[in-house]
Structure formats: structure tokens, C-alpha cells
Amino acid sequence: MAGGTGDVRKLFIFTTTQNYFGLMSESWDHLLLYNCPEINNFLDDGNQMLLRVQRSDSGISLSNVIDYADTKDKVLVFFKLRPEVITDQNLHNNILVSSMLESPINSLYQVVRQIFAPMLLKDQEWSRNFDPKLQNLLSELEAGLGVVLRMSDTNLSKLKFKEDDTRGILTPSDEFQFWIEQAHRGSKQINKERASYFKELFETIAREFYNLDGLSLLEVVDLVETTRDVVDDVWRQTEHDHYPESRMLHLLDIIGGSFGRFVQKKLGMLNLWGDPYYLVKENLNAGISICEQWVIACSHLTGQVWQRYVPHPWKSEKYFPETLDKLGKRLEEVLAVRTIHEKLIYFSPASDEKITCLARVFEPFTGLNPVQYNPYTEPLWKAAVSQYEKIIAPAEQKIAGKLKNYISEIQDSPQQLLQAFLKYKELVKRPTISKELMLERETLLARLMDSVKDFRLDFENRCRGIPGDVSGPLSGKNLSEVVNNIVWVRQLELKVDDTIKIAEALLSDLSGFRSFHRSAEDLLDQFKLYEQEQFDDWSRDIQSGLSDSKSGLCVEASSRIMELDPNDGSLKVHYSDRLVILLREVRQLSALGFVIPAKIQQVANIAQKFYKQAIILKQVAHFYNSIDQQMIQSQRPMMLQSALAFEQIIKNSKAGSGGKSQITWDNPKELEGYIQKLQNAAERLATENRKLRKWHTTFCEKVVALMNIDLLRQQQRWKDGLQELRTGLASVEAQCPLTWQSKWEGPEDPLQYLRGLVARALAIQSWVERAEKQTLLTDALDLSELFHPDTFLNALRQETARAMVCSMDSLKFVASWKGRLQEAKLQIKVSGLLLEGCSFDGNRLSENQHDSPSVSSVLPCFMGWIPQGAYGPYSPDECISLPVYTSAERDRVVINIDIPCGGDQDQWIQCGAALFLKNQ
């Protein structure tokens, strides 16, 4: 009995207090508390419901009330379920015990979150009997407490926001939720915008972390890489105030904790000693990869990349997630145990029960969960592994000889030898087998030394060449020369590193290992020196270019954004392609771990600031410079107005309401508006061009379709097709060139077209018969009976020139109503001509009377070709040259002829006099 008392009630309170605060029995006196009024009141007074026990520097203090100051130290609270005196019988039925850490808000939140919410909301029995309204209230209470905890320094009497306080952030999802809440509840607009920015960055991974347990191990392997990129973007952002370093450190830690717990949970569902080896290996490798990748990511970011990031350098020491790293090593040990067993089975006879019996070999691991790594389980694990090694020792002795024979057969092939050692490296590491394979390991070491020499020779032969050449470094895609060279030598470094790792794992006890290791390390130093030389040369070139205005490496914030080249009219953006390459180089070199000189970084930051707008402007400029090549030649006049409007926006790049100053890079608001104008104009022009090109293709297809229609049997189809064509033409009629419209000649009605076709066909047959009888040129001819009367008149010209033995250009065309042409070798008599705008009686033109028809017939006449120097039937002064059209629409001229008019030529031009052939 403690303190010499026999009161079991007080003994319960004393013992619980002692265990909770970790007090030694001699460090506090129970007798001093035996008659403590607070304890007596709590035990003996039914109305006293609470006893508070608190440890401070001055010792243990007790009270029957709690105030806010009690949260400064750990607090233990005893309280009653019912207002009764505590007795031996109800001691364990009426007293509840609760502790309080940090703050009442945190304690309440954790109790609700960890105990009562899961029990009352997720347990089927309790949730079924729990009022849904109360369930909602409990959920809201949990969410509300979480919000307060994430936003407040809860140790203070007033809830005050403190961004560095991360005690309420226990999981990555809590951190993501924090920024969501800040984006909605921030005190200032700039803080809301900053929180929204972080919220958007975290959205890439927020859903995956919220549903982490539902993902597979392989999916989380990918998530690790994505998470690394996201936290890197969060740290590097320069749009808003920097992300606090202490908060990022905490975030990296809880992310690692989430990954570790996930791996433990997933692997804990497997029977690592009994499930098939391929399944265990696949899952363990995925778990190891998750742990390794996050450890490497944290070390690389906080140890190299962020420490060298000038705008926001990491000031603390490198963060190394030690617990996750040790978990990964434990998983490697588990995999090694299973792999060794698997290899032993491969080399052992099937009848060897000592090896094949899982229950016997893995017996030391019974009752031990290997994925539950912590300092308390480590001794148990080491003891189990030691027992396991004793069990397999006899088998190793037998296997060593077989493995030696297998390797000796392939040792002449360096590649096969290396693969064999890698395949069975777990066995080779065993002391017994390693000793047996001494000669084979010596052979492997010699091969690795040869590999290092080959790497050195390849490097020395290529290091001064041009990337992509036979004698230069191997070339990668989208890499500048400096980045390409560094990436190439990094690949060589990885190969040498792999060689060193193999040697360290399997060959470190050999006499030649030190010499090999020294040679390999020297080569790595040579690689690193080459890397630094490449970077230094690049830095010097860029910095010298910064002082040269023609280098394209500078962008003046106050300079014009673009202008038309006065020489070739092309649109040029004042943001060079070299600047785009510089940005990519800076980003890639930073990722490779180099510290960018401040001057170059400053230029890159300025260029990055305008990069988005510059790329859009370059796209617009490319469109403007190449749109003429995208247009169909005949459609260019149709797009003239849109093109001029686009060009006008380019020329009038003025800022402000009055438009007096040029738009420059350092005026983002005006620049955004101007870019929007340019994009809209470019889009209108592109849309119009696409529409016209589409109509062009459509018209061609419809015309081809019309050509394939049988006019006698498919008249309706012809009409429908023609109507579709007419509708399409009407949609672009305002833009359609007259030269296009003039192509659509002839009647639209198929019957009318067929009548004309048949009439001409019959007339041509008559012409052929008269030509065979040699009477064609003696009879009167109707030129409207021909499909191409101009072709006939040209043929007459050719025959005349042949008969007169002269050139065609030395002949002129004449017509006579006086009789036959004396100067013509060949002539024809033409009838069927019609005259519009005046009348003609065979002697001279005369005005129409009020009752005269608008179109009158013309008397037959003789036509032919005569020499240019001949006088002809009429004097030029008394004639007017009138065109002869194929139809009254006056759309196609056959030929011009001189008609006697009495001398006043202007009179007949004004009245619109013209000849045309009659319709068939």
C-alpha cells in the first residue's frame, strides 16, 4: 500500500498519477497528499465531479477546477460519471481518466477524431442506433475543431493565426485543407490569393493523399515523384510570399510518415514468409522504392537544389527522413532473407527438406511483423535473423560448390559473369559462399577494372567533340550543348557508380579492391571537373552576351513588345529565341544541381516574368507571317478586310485611353489587353480562312457530283444539287470574287440546258454534212449553233493565213453589209445576230423609237479576215467597234466587229449598243 495508507481509492489515484507523469516513488511523498482536501473532496463529496492533477517545476498540484492556464503543462483529469461518493465498489465504474496535452482544443479534437467519431460514425452497430442529426453534429464538430486547430496558436487565450504553427497538421491532407480554408477565410485579399495559389499547386496530389489507402504500391511509387515535383514548385514559386521553411520541413516529415505507414499497411496484408516469392518480391521492391525515392527527394531538395535557389534558399541543415530510410533498409533485409531462401531452393535437391520446409526455415520470425520497424523491434529482428542464418548455414556449405561450378563455366564472358553475380549477389554476400568463390570474384574485379578503363577511354575520345558527331558526346533531344554534355557525363558517372557499388558489395575484401576503387574515384573526379568546366564556359559566354545588345539575351522591360520589319514586312517579337533557350538552360542546369550566377539568374527571372506573354505573341507573329501561305491564292482578295484589320491592331500598339504611348513589357494590364485583341483578330482571320477553304473544297466536290449526274434520268437530283450549290454561294456572295461568279454560265434549268445541247448537236451534224459537200462557206451560218463560236472564227483566221501565206497577226477581222469582201481569200455569210441599244438597217445605226423593240435582228453580213493594210468595206471614221457576246447576259465576248454609225461614236457607247448571238 502506497504511502502507508490502506485506502484503495487514493492508491488508484496515486498509482495512475505516478505512472502518467513517470515519477519515481521517492521523488514525491504520498503522505503529503494523503490528507489533501482536493482528493478528499473528489472522493467523499458526491457533488464534486472533477480532480485535476498537474505537474510543474514546483511539483505536483491538485485542484477541483480547470482554467486555461492549466494547458501550459501536462494535465491529468479524473472525473465522475455520476454524482456519487467513490467507494471500493464503484471505483472502476464511476471514474474516467483523461489527459490533456498542449491545449484543450487539440485534446478534444484528437479524442473526437481518434476515438468517438470512428466509433459512432463508422461502427455499424453504434451508427445504426445513433441519431443522424447527432452524427452530422459530430462530423461538424470534428471539422470545426480541425479548422480552429490549423489556424490558431491554441496556447493563447485569444485565437491568433500563426502560419508557422503546425501542431494541428498531422497528415498531408491537413496541410492541403489548411490552404483551402485560408483561401476562403483569409483576412486580406493578398493572403487569399497566396493561399489559393498554394491550394492549386497542392490539388495535383491532394486527391491521391486523401484516398491513399485505396491506391496500390505501384501507384504510390508514381505519387512520390509527383509529390516531389509539387513541393519543389511550392518552394520555388515567386508569385507570392515564400512558403515558410519550418512549415515545409514539417510537410516533408508528415509526407514521409504517410508513405511509411502506407507501405507498412500494404505489406502487412501479405504473408511475407509464406506467399509466393514473385508476389512478395514485387511488393517489397515497390515499398523499398517508395522509401528510397522520398529519402532521396528530401535529401536532394534540401541538401542541394533549394540551398542553391537564390530567390528562396533553404537555410536549415539537409532534412533526412531517418525513420523512413530505416524502414526501407528493413524491407531490403526482408527481401534479402526471402531471396537467399529462394536461391538456396534453386541450387538444392528437391528432397532436401531442411531448405524447402518454410515452417522450419522461417520459424525464428514467428510472431514478429518485420514491417513494423522501430527501435524496440530492432533487437527482436536482429535476433531472428541470427537464428535464421544458423538454420541455413549447412545448406550454404552445399550450395557454394554448385554456385562455383556454375560461375566458372561463364567467367570468360564478362557480361554473363557480371549478370550471374548480380543475380546471386545475396548468396555471394554470405561469408561461406564468398570465401568459396574467391577466384571467381577476383575475375569479376578484373573485368570491372577493364570497364573503368573503357569508360575513361570513351570519355577522353568524346569529351572535346560536338554532340551527335561520331567523335563527340552522345546527343539527347531538346538539349542545348552545355546541358547535353553534362547529361552525357552524368550518365557515365552513373555507370561508374554502379560499378563501384557492385565492387563494394561483393569484392571489398579482395586485395585489388583498393586499387580499383582509387581508379574509379579518380575517373569520377575527372567527370566532375569536366562538368564544372562546361558550366563555367557557359556562364562566361552568357555573361559576356548580357553586355551585347545584339546577343538576344536581354529583354528591356520598357521596350516595345513587337513591330513590323520595314524590309520584308514580317512581324517580329522583341523576345529572342535565344532567351527562350536560356530559360530552359537555367532551369535544367538548376535541376542538375548547379548554382546559377546572380546576373544570369536575374535575367532569367525577368525573362520568365514575360515568358508566357512572349510565347503567345510569337505564336501570333508566326500566324501573321505565314497566313498568306495558308490562303488559297484566289481567296486572298476575299480576306483583305480581315487581314487589314489585323495589321491595323499590330501597327496601333498604343497604351492608355488616349493611345499616346507604346505598349511595353512592364505594363502587364495593357499588355494582356493588347494580347487579347491580337488573339481575337488572329482567330477571326483564321476562322474566316478555314471557312473559305472549307467552302472551296465543298464547291469542288459539289461540281464534281453535278458532272456525274445523268440529266435525262436524274433531273430532280440535278436541281437539288444546283440548289445546294446556289445556297452555298449565297452564304459567301458578299466576299465571292466576280471572277468566280463568272465561271457559272449557262442555263440552270436542266431541260433548257438539254434543249440547247440537242439543238447544237443537230446543228453541228448539219455543219459537218455541208463541210463534206464543200458548201459550208457558201451558205449562211448561224454562229449561235456552235458551242465555241470564237474557236470557229480563229480556225477561219488560220485557214486564211495559210491561203494567203502570211502570219495570223498580220490579219484583221471585218464585216460587210455591202456585199462580199474583195480582199478576203476566205469569208463566211453570218446570220442570226441580234442588236441591243439601237437599230441597224444595213447602212448605219439609228436610235430606237419609243415603240421600237429593245432587241432587234441584224441583217446577214459577210465576215472574214483581211490584211492589216487593206482598207475594208467602211472608213474607220464612220464606224464603231461593237462586241459580239455569246448571250444577252454579255458575260463572254466572241469577237469585235466594226459597224457603220455615221461618225458620232460616243452616242452609241452611251446607249449601250452591243451585238450578241441568238439563244438556242
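Predicted model only: the values in this text are computed from it and were never measured.

Trainee: What exactly am I supposed to notice about the overall build of the protein chain here?
Mentor: The secondary structure content of the protein chain amounts to 31 helices and 19 strands. When each of the 920 residues of the protein chain is scored for burial, the buried share is 42%. The long-range share in the protein chain, meaning contacts at least 24 apart out of those at least 6 apart in sequence, stands at 67%. Accessible surface computed for the protein chain: about 50700 Å², of which carbon and sulfur atoms make up 51%.

Trainee: Please explain a nonpolar patch on the surface as it appears in this structure.
Mentor: A grouping of Leu757, Ile764, Val768 and Phe787 is seen on the molecular surface, where their side chains present a nonpolar patch of about 300 Å² in accessible area. Relative to the elements of secondary structure, Ile764 occurs in helix 29 (residues 750-772). The class of Ile764 is partly exposed, set by a relative accessible area of 31%.

Trainee: Explain the pattern of salt bridges here, please?
Mentor: Here the idea is simple: oppositely charged side chains can pair when their charged atoms come close. One pass over the full model with this rule turns up 27 salt bridges. Ionic pairing is found between Arg330 and Glu378, a salt bridge with its closest N-O pair at 2.7 Å. Taken together, the positions of Arg330 in helix 13 (residues 322-347) and Glu378 in helix 16 (residues 378-408) put the pair 48 residues apart, joining distant regions of the chain. When sorted by exposure, Arg330 lands in the same class as Glu378, which is buried. Through salt bridges that share partners, Arg228, Asp229, Asp232 and Arg236 make up one connected network.

Trainee: Teacher, can you tell me more about the packing of helix 8 (residues 172-185) against helix 9 (residues 189-210) here?
Mentor: Each packed pair of helices is defined by two parameters, the angle between the axes and the distance between the axes. At a minimum axis separation of 8 Å, helix 8 and helix 9 run at an interaxial angle of 145°. Of the two possible hands of crossing, helix 8 and helix 9 adopt the one that is left-handed. On helix 9, the residues touching Pro172, Ser173, Phe176, Trp179, Ile180, Gln182, Ala183, His184 and Arg185 of helix 8 are Lys192, Arg194, Ala195, Ser196, Phe198, Lys199, Phe202, Ile205, Ala206, Phe209 and Tyr210. Along the lines of polarity and charge, the residues of the contact of helix 8 with helix 9 split into twelve nonpolar, four polar and four charged.

Trainee: In this structure, what is going on with the sheet that holds strand 19 (residues 914-917)? I would like to understand it.
Mentor: Strands in a sheet are paired, the pairing made by backbone hydrogen bonds, and the direction either parallel or antiparallel. Taken in spatial order, the five strands of this open sheet run 15-12-19-17-18, and their pairing is mixed. Of all strands in the sheet, those with a lone pairing partner are strand 15 (855-857) and strand 18 (893-900), marking the two edges. For this sheet the average axis-to-axis angle between neighbouring strands, irrespective of direction, equals 30°. Bridge count between strand 17 (residues 879-885) and strand 19: two bridges; the pairing is parallel. Along strand 19, the bridge assignment pairs Val884 with Leu915.

Trainee: Help me understand the confidence of the model for the protein chain in this model?
Mentor: Close inspection of predicted coordinates is inappropriate in any region flagged by low pLDDT. Taken residue by residue, the protein chain gives an average pLDDT of 81. The fraction at 70 or more is 87%. In this model, residues 153-161 is a region of pLDDT below 50 whose contacts with residues beyond four sequence positions or in other chains number 23 contacts.

Trainee: Whenever I open this one, the environment of Lys10 confuses me. Can you help?
Mentor: With respect to the helices, strands and loops of the structure, Lys10 is situated in helix 1 (residues 8-21). Taking C-alpha positions, Lys10 is 7.8 Å from Ile39, a pair spaced 29 residues apart along the chain.

Trainee: So what exactly am I meant to see when it comes to the side chain of Thr302 here?
Mentor: Mapping Thr302 onto the fold places it in helix 12 (residues 277-305). At 2.6 Å, the side chain of Thr302 forms a polar contact with the backbone oxygen of Cys298. A distance of 2.9 Å separates a polar atom in the side chain of Thr302 from the backbone nitrogen of Tyr319. With sequence-adjacent residues up to four places away left out, Thr302 is seen in contact with Leu252, Gln307, Trp314, Lys318 and Tyr319.

Trainee: Please clarify how the nonpolar core should be interpreted in this entry.
Mentor: Generally speaking, soluble globular proteins have nonpolar side chains that are buried together. Residues Met248 and Trp294 are the most contacted members of the largest nonpolar core, which totals 106 residues. When neighbours within four sequence positions are excluded, Met248 is seen to be in contact with Val231, Val234, Trp235, Tyr243, Trp306 and Trp314. In terms of nonpolar packing, the next biggest core, distinct from the first, is built from 48 residues, Leu571, Phe594, Phe646 and Ala686 among them.

Trainee: Any chance you could explain the packing of aromatic side chains here in plain terms?
Mentor: Given two aromatic rings, one states the distance between the centres and the angle between the planes to describe the pair. Here the structure, examined in full by the defined rule, presents 32 aromatic pairs. Their ring planes at 20° and their centres at 4.4 Å tell us that Trp273 and Phe365 sit as a pair that is stacked. One end of the pair, Trp273, is in the loop between helix 11 (245-268) and helix 12; the other, Phe365, is in the loop between helix 15 (358-361) and helix 16, with 92 residues separating them in the sequence. For the pair shown, Trp273 and Phe365 are each scored as buried. Through pairs of rings, three or more aromatic residues link up here, namely Phe176, Phe178, Trp179, Tyr197, Phe198, Phe202, Phe209, Tyr243, Phe259 and Trp294. Note that Lys74 overlies the ring of Tyr20, its terminal NZ or CZ placed 5.2 Å from the centroid. Cation over ring: Arg236 sits above Tyr309, and NZ or CZ is 4.9 Å from the ring centre.

Trainee: Teacher, can you tell me more about a negative patch on the surface here?
Mentor: Taken together, the side chains of Glu208, Glu219, Asp222 and Glu225 present a region of like negative charge at the surface. The element contributing the most residues to the negative patch is helix 10 (residues 217-236), with three residues. With respect to the helices and strands, Glu208 occurs in helix 9. Take Glu208: its relative accessible area is 31%, and that puts it in the partly exposed class.

Trainee: How should I be thinking about the sheet that holds strand 16 (residues 861-867) in this particular structure?
Mentor: Ordered by their spatial adjacency, four strands build an open sheet running 9-11-16-10, and the pairing between neighbours is mixed. Each having just a single partner strand, strand 9 (780-782) and strand 10 (811-816) make up the two edges of the open sheet. If you compare each strand with its neighbour and ignore which way they point, the axes differ by 40° on average. One ladder, built from six bridges, connects strand 10 with strand 16; its direction is antiparallel. Directly across from Ala815, in strand 16, lies its bridge partner Met863.

Trainee: Sorry if this is basic, but what is going on with the side chain of Arg797 here?
Mentor: You can see Arg797 is positioned in helix 30 (residues 789-804). Put simply, Arg797 is tucked away with no salt bridge, and the nearest opposite charge, on Asp809, sits 4.0 Å away. What Arg797 contacts, discounting residues up to four positions off in sequence, is Met808, Asp809, Leu811 and Trp865.

Trainee: I'm lost on the pairing of strand 3 (residues 75-80) in this one. Help?
Mentor: Across a regular strand the side chains alternate sides, sitting on one face of the sheet and then on the other. Of all six residues in strand 3, five are buried; the element is thus mostly enclosed. Relative to strand 4 (residues 95-100), strand 3 is paired through six bridges, and the arrangement is antiparallel. Its bridge partner being in strand 4, Phe79 is matched across the sheet by Leu96.

Trainee: Quick question: what am I supposed to make of unusual backbone geometry here?
Mentor: Outside of glycine, negative phi angles account for most residues, and trans bonds account for most peptide bonds. We note that Gln774 has phi near 60°; this positive angle belongs to a residue other than glycine. Considering the arrangement of structural elements, one finds Gln774 in the loop between helix 29 and strand 9. Despite not being glycine, Val805 shows a phi value in the positive range, around 55°. Examined against the element boundaries, Val805 turns out to sit in the loop between helix 30 and strand 10.

Conventions used here
Residues numbered from 1 in each chain as written. Predicted model: local features only at pLDDT ≥ 70, side-chain atom pairs only at ≥ 80, totals over all residues. Heavy atoms only, no water. Helix = DSSP H or I, 4+ residues; strand = E, 2+ residues; numbered from the N terminus. Buried < 20%, exposed > 50% of the residue type's maximum accessible area, 1.4 Å probe, protein only. Contact = heavy atoms within 4.5 Å. Areas by Shrake-Rupley, 256 points an atom, 1.4 Å probe, with all protein chains shown as cover. Patch = residues over 30% accessible without salt bridge, like charges linked within 9 Å, V, L, I, M, F, W, Y side chains within 5 Å. Salt bridge = Lys/Arg side-chain N within 4 Å of Asp/Glu carboxyl O. Axes fitted to C-alpha atoms, helices over the stretch in contact; angles between N-to-C directions. Left-handed = near helix turned anticlockwise from the far one by under 90°. Nonpolar A, V, L, I, M, F, W, Y, C, P; charged D, E, K, R; others polar. Pairing = 2+ DSSP bridges. pLDDT = per-residue confidence, 0-100. Polar contact = N/O pair within 3.5 Å; in protein donor to acceptor, adjacent residues only side chain to side chain. Core = buried A, V, L, I, M, F, W, Y, C linked by side-chain atoms within 4.5 Å. Phe/Tyr/Trp six-rings, centres within 6.5 Å; stacked < 30°, edge-to-face > 60°. Lys NZ or Arg CZ within 6 Å of the ring centre and 35° of its normal. Lys, Arg positive; Asp, Glu negative; His and termini not counted. Charge placed at Lys NZ, Arg CZ, Asp CG, Glu CD.

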